[in-house]
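Below are the chains, spelled out letter by letter.
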Amino acid sequence: SPKVGVSPREHLSPLKIFVLAKKEINSTFGDISKYVSEGGEFLSSLELDKMPVIDNADRETVLAFPDKVRGIREVLARDHMKCVFFGRTSNGKSTVINAMLQDKILPSGLGHTTNCFLQVEGSKNNEAYLMLENTSEKRSVESVSQLGNALHGESLDPNALVRIFWPSNKCNLLRDDVVLLDSPGVDVSPNVDDWIDKYCLDADVFVIVANAESTLTTTEKKFFHKVSERLSKPNVFILNNRWDASANEPECIDKVRKQHLDRNISFLLEELKVYGSRSQAEERVFFVSAREVLNTRIQKLKGEQPSGGQIEGYQSRYFEFEDFERKFEKCLSETAVKTKFQQHCERGVKIVSEVMQIMDKAFQNATSLRESKIADRNEYLDRLEFTKMQMHELTDEVKHRIEQLVEQVECQVTQALSE
Ligand code: GTP
Ligand code: MG
């Protein structure tokens, strides 16, 4: 039920639905944790040898739950919405992520720039730092150029992961628990199969950053075929980036757009089969210029007047990027709520009902134990009563016989005296 002070769902941004759901499920698990601990304490306090209302196995089951609940709460705290970006080298993956984060965070440039996986996530204390895989050492980064330098000189495996923690207060996506993962070009690494196992299985959304100046390559397509073999119906968006280049050729822009759109849709619909209809697939294809969006946002951040309008069609490309972001956020949040929280909910319900069953069993057993004790006591009282009566009778008889005896003796004595 909605908590006091939280505005109705329809006024929330899609990402907030995930954040709110996480808060609610977290507080529910707080209650579950209290419930199972209290249940365990109660069952522990029973002296089962004197009062066998439950067997030891059931008690152990309940006593193991607090740890299990703690484990779930830890996973829950780490749960986030995750999006992975793939595409050929230089298509603009890093630039797209930077545009979405509203700042130049990831290194980008000509040639093969990103040489390992870079995961951007929000840092709680609003510090900027990075962490290499399998270490807990924080390397602080003050600026993007420093980040580039910090990564340079490291001989990093293309499969390696560098986590970049960026101040959450600088970007809505990071503040709302979104994690964005940048990858090296699919065309430059021979080990893409490992990528899927390592980075894709917990991803909620995939974005293909394609190059609008060319067309989707076999390498890019093949990679996504493998992704969709491993995950059932992944959410795939296609960004035809560098669409600003189309402004140079206004005479064929509509034709090129239609060609890309048809090919993209047929890839999603007929090859990957991840969407059910043409209109659904069409909703997932966009023509954008990440560089323009990034430049505009950086200028806005500096308080300067955006100067992106010089290239023909700039405004509509900018709107299309925003449209992408809206649909992306909705899809990301809905999927993450379903895939991440549904499991926890089911586990929570199972734990609570198991504890309830065991407590109910204890209650039933205690009731019948009490009834049998009462029955035992009644039988004992009956026997006591009977014995008492017998004693009475016996006493009466003995008394009577003694009286007779005394009478006899008296009689004999009287007789003897008179003789
Ligand atoms: P790798 O990390 O090497 O795989 O490349 P990437 O896909 O991350 O590309 P990156 O973001 O580094 O961009 C490559 C170059 O393309 C950079 O010089 C960008 O400025 C430029 N670029 C990115 N997006 C656009 C765009 O929309 N239009 C134009 N004209 N250039 C772009
Ligand atoms: Mg890159």
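Anything mentioned here points back to the structure above.
Here goes a summary of the coordinates provided. Model, not experiment: these values are computed from the prediction.

## Observations concerning the overall build of the chain
1) Next: Regarding its fold elements, the chain presents 11 helices and 9 strands.
2) Next: Compactness check: the chain gives a C-alpha radius of gyration of 39 Å against a globular reference of 22 Å for 419 residues, more than 25% above the reference.
3) Next: Counting only C-alpha atoms, the chain reaches 165 × 45 × 45 Å along its principal axes.
4) Next: Considering the chain as a whole, with its 419 residues, one finds that 42% of them fall into the buried category.

## Observations regarding the side chain of Glu329
1) Next: By the element assignment, Glu329 lies in helix H11 (residues 314–418).
2) Next: No salt bridge is formed by the buried Glu329; its nearest oppositely charged neighbour, Arg297, is found at 8.1 Å.
3) Next: With residues up to four places along the chain from it excluded, the contact list for Glu329 reads Pro14, Leu15 and Leu173.

## Digging into the coordination of the magnesium ion (ligand 2)
1) Next: Distances from the magnesium ion (ligand 2) to its protein donors, namely Ser94 (OG) and Thr114 (OG1), fall within the range 2.0 to 2.1 Å. Of this pair, Ser94 sits in helix H3 (residues 93–101) while Thr114 sits in the loop between H3 and strand E2 (117–123); the two residues are 20 residues apart in sequence, bridging distant segments of the chain. With respect to class, Ser94 is no different from Thr114; both count as buried.

## Observations concerning the site of ligand 1
1) Next: Ligand 1 sits among 22 residues. The nearest are Lys93, Thr95, Thr113, Thr114 and Arg242.
2) Next: Here Ser90 contributes a backbone N or O atom positioned 2.9 Å from an oxygen atom of ligand 1.
3) Next: Here ligand 1 has 650 Å² of accessible area as a free molecule, and 93% of this is covered by the chains.
4) Next: Sorting the residues of the shell around ligand 1 by element identifies H3 and helix H10 (290–301) as the ones contributing at least two each.
5) Next: Looking at which element gives the most residues to the shell around ligand 1, the answer is H3, with 3 residues.
6) Next: Taken together, the residues that form the shell around ligand 1 break down as 2 nonpolar, 15 polar and 5 charged.

## Regarding unusual backbone geometry
1) Next: Non-glycine residue Ser90 carries a positive phi angle of around 70°.
2) Next: Mapped onto the elements of the fold, Ser90 is located in the loop between strand E1 (81–86) and H3.
3) Next: The phi dihedral of Asp177 falls on the positive side, at around 70°, and the residue is not glycine.
4) Next: For Asp177, the location among the structural elements is in the loop between helix H5 (172–175) and strand E6 (178–182).

## So, the sheet that holds strand E5 (residues 161–167)
1) Next: The 9 strands are arranged E4-E3-E5-E2-E6-E1-E7-E8-E9 in an open sheet whose pairing can be described as mixed. Both edges of this open sheet fall to strand E4 (139–140) and strand E9 (285–287), since each of them pairs with a single strand only.
2) Next: Pairing of E1 with strand E7 (residues 205–211) involves 4 bridges; the strand directions are parallel. The residue of E7 that forms the bridge with Phe86 is Ile208.

## Considering the pairing of strand E8 (residues 235–241)
1) Next: Judged by how many residues are buried, E8 sits mostly within the fold: 7 of 7 residues are covered.
2) Next: Burial of the side chains of E8 extends over both faces: Asn235, Phe237, Leu239 and Asn241 are buried on one face and Val236, Ile238 and Asn240 on the other.
3) Next: Where E7 and E8 come together, 7 bridges link them in parallel fashion. When the bridges of E8 are listed, Ala210 appears paired with Asn240.

## Re H3
1) Next: Burial runs high along H3: 9 of the 9 residues are buried.
2) Next: Among the residues of H3, Lys93, Ser94, Thr95, Val96, Ile97, Asn98, Ala99, Met100 and Leu101 are the ones counted as buried.
3) Next: In the stretch just after H3, Gln102 is the one whose phi turns positive, near 65°.

## Things to note about the packing of helix H1 (residues 14–45) against H11
1) Next: It is the contact of H1 with H11, at a shortest axis distance of 10 Å, that shows an interaxial angle of 15°. One way to sum up the angle between H1 and H11 is to call them roughly parallel. You can see that H1 and H11 cross each other, and the crossing is left-handed.
2) Next: Of the residues assigned to the contact of H1 with H11, the class counts are 23 nonpolar, 4 polar and 3 charged.

## Here we look at the nonpolar core
1) Next: The biggest cluster of nonpolar side chains holds 59 residues, and the ones touching the most others in it are Phe85, Leu101, Leu180, Val207 and Phe328.
2) Next: Broken down by element, the residue count for this core peaks at 11 residues, all from H11.
3) Next: Excluding anything up to four places from it in sequence, Phe328 contacts Cys83, Met100, Leu180, Val205, Val207 and Phe237.
4) Next: Grouped together as the second largest cluster of nonpolar side chains are 35 residues, Ile196, Leu216, Val227 and Leu268 included.

## Let's talk about a nonpolar patch on the surface
1) Next: Together, Leu394, Val398, Ile402 and Val406 make up an exposed nonpolar region whose accessible area comes to about 340 Å².
2) Next: Counting through the fold element by element, Val406 comes out in helix H11.
3) Next: Residue classification places Val406 among the partly exposed positions, given a relative accessible area of 42%.

## Section: the environment of Glu41
1) Next: With respect to the secondary-structure elements, Glu41 resides in helix H1.
2) Next: Residues Glu41 and His392, spaced 351 residues apart in sequence, show a C-alpha to C-alpha distance of 52 Å.

## Describing the pattern of salt bridges
1) Next: Tallied over the entire structure, the rule returns 28 salt bridges.
2) Next: For Lys226, the salt bridge goes to Asp193, with nearest N and O atoms at 3.0 Å. Of the two residues, Lys226 sits in helix H7 (residues 218–230) while Asp193 sits in helix H6 (residues 192–200), which places them 33 residues apart along the sequence.
3) Next: In this structure Lys226 comes out as partly exposed when scored by relative accessible area, which is 29%.
4) Next: Notably, a salt bridge pairs Arg257 with Glu320, separated by 3.2 Å at the nearest N-O pair. Here the residue Arg257 occupies a position in helix H8 (residues 253–271), and Glu320 occupies one in helix H11, the gap between them amounting to 63 residues.
5) Next: Judged by its relative accessible area of 30%, Arg257 is partly exposed.
6) Next: Under the relative-accessibility criterion, Glu320 is labelled buried at 15%.
7) Next: Here the salt bridges share partners, and the residues they tie into one network are Glu283, Asp323, Arg326 and Lys327.

What counts, and where the lines are drawn
Each chain has its residues counted from 1, running along the sequence as written. A letter from A marks each chain and a number from 1 marks each ligand, given out in the order of writing. Totals for whole chains, interfaces and linings use every residue, but because this is a predicted model, local features are given only for residues with pLDDT of at least 70 and side-chain atom pairs only at 80 or more, for both listing and counting. Just so you know, side-chain values use all the structure's heavy atoms and leave hydrogens and water out. Helix and strand assignments come from DSSP, with helices taken as H or I runs of at least 4 residues and strands as E runs of at least 2, each series counted from the N terminus. Atoms counted for the radius of gyration: C-alpha only. Globule rule: 2.2 Å times the number of residues to the power 0.38. Burial status follows relative accessibility: with a 1.4 Å probe on protein chains alone, a residue under 20% of its type maximum counts as buried, one over 50% as exposed, and anything between as partly exposed. When charges are counted, Lys and Arg are positive and Asp and Glu negative, with His and the chain ends excluded. We define a salt bridge as a contact between a side-chain nitrogen of Lys or Arg and a carboxyl oxygen of Asp or Glu at a distance within 4 Å. Contacts were defined at the residue level, with two residues in contact if any of their heavy atoms lie within 4.5 Å. The rule for donors is simple: N, O or S, within 2.8 Å of the metal, or within 3.2 Å if the metal is Na, K or Ca. Water isn't counted, so a site may look like it is missing partners. Any residue with a heavy atom positioned within 4 Å of a molecule or strand is treated as near that molecule or strand. As used in this structure description, the phrase polar contact means that two N or O atoms lie within 3.5 Å; if the pair is within protein, one of them must be able to donate a hydrogen and the other to accept it, and residues adjacent in sequence are counted only when both atoms belong to side chains. Residue-level accessible areas treat just the shown protein chains as cover; the underlying method is Shrake-Rupley with a 1.4 Å probe. Lys, Arg, Asp and Glu make up the charged group, whereas Ala, Val, Leu, Ile, Met, Phe, Trp, Tyr, Cys and Pro make up the nonpolar group; the residues left over, Gly among them, are polar. Two strands form a pair only when DSSP identifies at least two bridges running between them. As a rule, the C-alpha atoms of each element are fitted with a line to give its axis, helices using only the stretch in contact, and angles between N-to-C directions run from 0 to 180 degrees. An angle below 35 degrees is treated as roughly parallel, one above 145 as roughly antiparallel, one from 65 to 115 as roughly perpendicular, and anything else as oblique. Left-handed describes a crossing whose near helix is turned anticlockwise from the far helix by less than a right angle; the clockwise case is right-handed. Definition used in this section: a nonpolar core is a set of buried Ala, Val, Leu, Ile, Met, Phe, Trp, Tyr and Cys residues joined via side-chain atoms within 4.5 Å. Patches were defined on residues exceeding 30% relative accessible area and lacking a salt bridge, with like-charge contacts within 9 Å and nonpolar side-chain contacts (Val, Leu, Ile, Met, Phe, Trp, Tyr) within 5 Å.

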